[in-house]
Amino acid sequence: MKYRIIAATAIIAGTLAACTVNNGKSSGYEELDRWAEEMVQKHLNQLGYPVNQNSHLEGFYEWYIANGLDRTVMNNAGNPFDSTSSLLSSHKFEREVLKFFAPLYGFEKDKFWGMVSSSGTDGNNHGIYFGANYLYNTTGKKPVMYVSDEAHYSNMRLADLQNLDLKLIKSDDMGRMIPEELEKDLDPSRPCLIVYAMGSTFKGAIDDQKALNAVLAKHPEMPVYRHVDAALFGGYLPFTEYAGMVDHNELNFQSIAISGHKFFGVDDPAGLFFTTKEVFDNQSKYDIPYLNRDMKMISCSRSAITPLKFWWLIQKAGYETWKQEAGQMLENTAYLKAEMDRIGWPCWVNEYSNTIFFRRPSKDTVKKYYLACNNDDRFGGELAHIVVMQHVTKECIDELIAVLEKEL
Ligand SMILES: *Cc1c(COP(=O)(O)O)cnc(C)c1O
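This one's a predicted model, so the numbers in the text were calculated from it and none came from an experiment.

## So, helix H5 (residues 120-139)
Part 1 of the reasoning: Under the 1.5 Å per step criterion, the end-to-end length of H5 is 28 Å for 20 residues, consistent within 8% with the ideal 28 Å.
Part 2 of the reasoning: Among the 20 residues of H5, 14 are classified as buried, and the element is accordingly described as predominantly covered.
Part 3 of the reasoning: Put simply, serine 119 is the residue that caps the front of H5, since its side-chain oxygen is 3.3 Å from the backbone nitrogen of threonine 121.

Next up, the structure:
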């Protein structure tokens with residue numbers, strides 16, 4: 001009996017402590033409440049990873065719960081453009097989201113196919129898979145895949161997963177695929193599946209599509225499929241004067257993958273994938289009558305909530321806000337670069353990029369700002385980078401510069 005009373009008192013004390021911490025919105029589990037408090041406290045300090053901590057999702061969850069959707073299981077399995085199954089889904093809103101974004105990447109209204117994917121990697125998986133199948137189904141030959149050695153690791157992983165012959169092409173010091181190296185490694189006797197990195201992971205390098213396309217054009221007989229891995233930069237570039245760099249019409253790529261949880265600020269892993277109808281129609285068919293017949297995508301179940309979040313963001317932020325944010329991000333990137341130069345801290349940035357890499361500061365600073373680290377002897381060895389996203393303001397940069405100045 002005595003033990004029980006003590007236990008009950010401990011639970012009440014725990015709950016009370018959690019209540020004060022979370023403004024009365026305790027879960028009843030102190031451990032969970034403390035963790036939530038810590039996450040919220042830390043989120044604006046996170047500078048090393050490409051996520052937008054100033055999302056416009058406010059109000060989404062209140063609406064969702066107030067309308068009883070938290071007790072309704074939905075699933076967007078199947079083709080959002082051919083939605084005839086009786087599954088509860090948000091396909092209607094997924095289509096609206098895709099129709100909003102497709103023109104931003106130069107895809108024409110009636111000539112594209114797309115989906116809200118589960119991540120940038122999911123989009124790359126589809127780009128590489130669709131590309132390999134398109135080339136095989138239209139030429140009868142298996143392609144060779146080419147990607148730079150600075151591209152995001154998912155591309156190498158996916159080539160391995162899909163059992164493709166992969167050639168890693170050397171990049172220059174700043175991380176861009178070298179056209180002469182592509183020329184040297186190219187096997188024109190087989191179709192070419194090339195993945196362009198629009199934002200290499202650490203240095204933020206953008207492959208020069210025009211120069212690389214000129215190399216491919218020397219072999220007019222070689223069938224080519226171009227996939228663009230634009231997970232991070234594909235978010236903000238359409239809203240800048242450099243929009244042409246992610247334009248299907250201008251650059252003649254066949255598919256593109258963009259992350260939703262980076263620039264756009266979906267609060268959970270998410271993405272967009274676009275390709276042409278022609279590519280989609282040249283995939284192997286698997287007719288599944290009990291879904292909606294046309295299952296060309298790799299995953300069966302897909303989130304019904306993510307398209308709703310994207311749709312919400314289009315209403316609450318939309319073109320004008322994203323344009324303003326993209327401009328501000330590039331301005332703040334230039335400001336951070338100028339401030340590092342002013343105090344004499346070695347740093348580098350690629351053109352069009354919001355990613356600055358620099359000599360690695362102390363362990364404490366790396367930890368405090370969640371900086372991502374790498375090594376490169378060409379730049380003096382130990383490096384760190386900052387990705388200037390929406391929450392990385394001038395005030396935040398000033399604070400960091402003051403910290404770095406003390407370490408000089
Ligand atoms: C972030 C990133 C990825 C991986 O995307 P996820 O959405 O995290 O799966 C792939 N490529 C590039 C260039 C990236 O920046």
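Still more to cover.
## A look at a nonpolar patch on the surface
Part 1 of the reasoning: Judged by side-chain polarity, Tyr29, Leu32, Trp35, Met39 and Val40 come together as a nonpolar surface patch covering roughly 560 Å² of accessible area.
Part 2 of the reasoning: Relative to the helices and strands, valine 40 resides in helix H2 (residues 30-42).
Part 3 of the reasoning: Taking the relative accessible area as the measure of exposure, valine 40 reaches 57% and is therefore exposed.

## Brief notes about the site of the ligand
Part 1 of the reasoning: For the ligand, the full set of nearby residues is Ser119, Gly120, Thr121, Asn124, His152, Gly199, Asp229, Ala231, Leu232, Ser259, His261 and Lys262.
Part 2 of the reasoning: At a separation of 2.8 Å, a nitrogen atom of the ligand approaches a polar side-chain atom of aspartate 229.
Part 3 of the reasoning: At a separation of 2.8 Å, an oxygen atom of the ligand approaches a polar side-chain atom of lysine 262.
Part 4 of the reasoning: Notes on the ligand: free accessible area 380 Å², of which the protein chains cover 86%.
Part 5 of the reasoning: Counting residues per element, the shell around the ligand draws most heavily on H5, which supplies three residues.
Part 6 of the reasoning: Each residue belonging to the shell around the ligand can be placed in one class, and the counts come to two nonpolar, eight polar and two charged.

## Concerning the sheet that holds strand S11 (residues 381-387)
The strands making up a sheet associate through backbone hydrogen bonding, with each pair oriented either parallel or antiparallel.
Part 1 of the reasoning: Across the sheet, which stays open at both edges, the four strands sit in the order S8-S9-S11-S10 with antiparallel pairing between neighbours. The open sheet has two edge strands, strand S8 (347-349) and strand S10 (372-376), and neither has a second partner. On average, each strand axis in the sheet is inclined to that of its neighbour by 30 degrees, with strand direction left out of account.
Part 2 of the reasoning: Two elements, S8 and strand S9 (residues 355-359), share three bridges in a ladder whose sense is antiparallel. Residue tryptophan 348 lies in a different strand from S9, and its bridge partner there is phenylalanine 357.
Part 3 of the reasoning: Along the sheet, helix H13 (residues 318-343) makes contact with S8, S9 and S11, crossing S8 at roughly 155 degrees.

## Topic: the sheet that holds strand S6 (residues 255-259)
Part 1 of the reasoning: Read across the sheet, seven strands follow the order S1-S7-S6-S5-S4-S2-S3 without closing on themselves; strand pairing throughout is mixed. On the outer flanks of this sheet lie strand S1 (112-117) and strand S3 (165-169), each paired with one strand and no other. Adjacent strand axes in the sheet meet at a mean angle of 15 degrees when their direction is disregarded.
Part 2 of the reasoning: Looking at chain direction, S1 and strand S7 (residues 271-276) are connected through six bridges and run antiparallel. Within the sheet, the bridge partner assigned to phenylalanine 112 lies in S7 and is threonine 276.
Part 3 of the reasoning: In the packing of helix H4 (residues 91-101) onto the sheet, contacts are made with S1 and S7, and the angle to S1 comes to roughly 120 degrees.

What counts and how
- Within every chain, residues take consecutive numbers counted from 1 along the sequence as written.
- Selection of residues for local features in this predicted model requires a pLDDT of at least 70, selection of side-chain atom pairs for listing and counting requires 80 or more, and totals for whole chains, interfaces and linings are taken over all residues.
- The side-chain numbers reported here are obtained from all heavy atoms of the structure, hydrogens and water having been left aside.
- Strands are runs of DSSP state E lasting at least two residues, helices are runs of H or I lasting at least four, and both sets are numbered from the N terminus onward.
- Expected helix span is given by 1.5 Å per residue-to-residue step, counting one fewer step than there are residues.
- Buried residues are those whose accessible area, probed at 1.4 Å on protein chains only, stays under 20% of the maximum for their type, while exposed residues exceed 50% and partly exposed ones sit between those limits.
- The definition of a polar contact used here is a pair of N or O atoms within 3.5 Å, where within protein one atom must be able to donate a hydrogen and the other to accept one, and adjacent residues in sequence count solely through side-chain atom pairs.
- To count toward a patch, a residue needs a relative accessible area over 30% and no salt bridge; like charges are then connected within 9 Å, while nonpolar side chains (Val, Leu, Ile, Met, Phe, Trp, Tyr) are connected within 5 Å.
- The Shrake-Rupley method, run with a 1.4 Å probe, gives the accessible areas here. Residue values count only the displayed protein chains as cover.
- By salt bridge we mean one thing: a side-chain nitrogen of Lys or Arg within 4 Å of a carboxyl oxygen of Asp or Glu.
- Distances are taken per atom, and a residue is near a molecule or strand as soon as one of its heavy atoms is within 4 Å of it.
- Polar here means any residue outside two lists: the nonpolar Ala, Val, Leu, Ile, Met, Phe, Trp, Tyr, Cys and Pro, and the charged Asp, Glu, Lys and Arg; Gly therefore counts as polar.
- For two strands to be treated as a pair, DSSP must find no fewer than two bridges joining them.
- Angular values range over 0 to 180 degrees, each being the angle between N-to-C directions of two axes fitted as lines to C-alpha atoms, with helices fitted over their stretch in contact.
- Any two residues whose heavy atoms approach within 4.5 Å are treated as being in contact.

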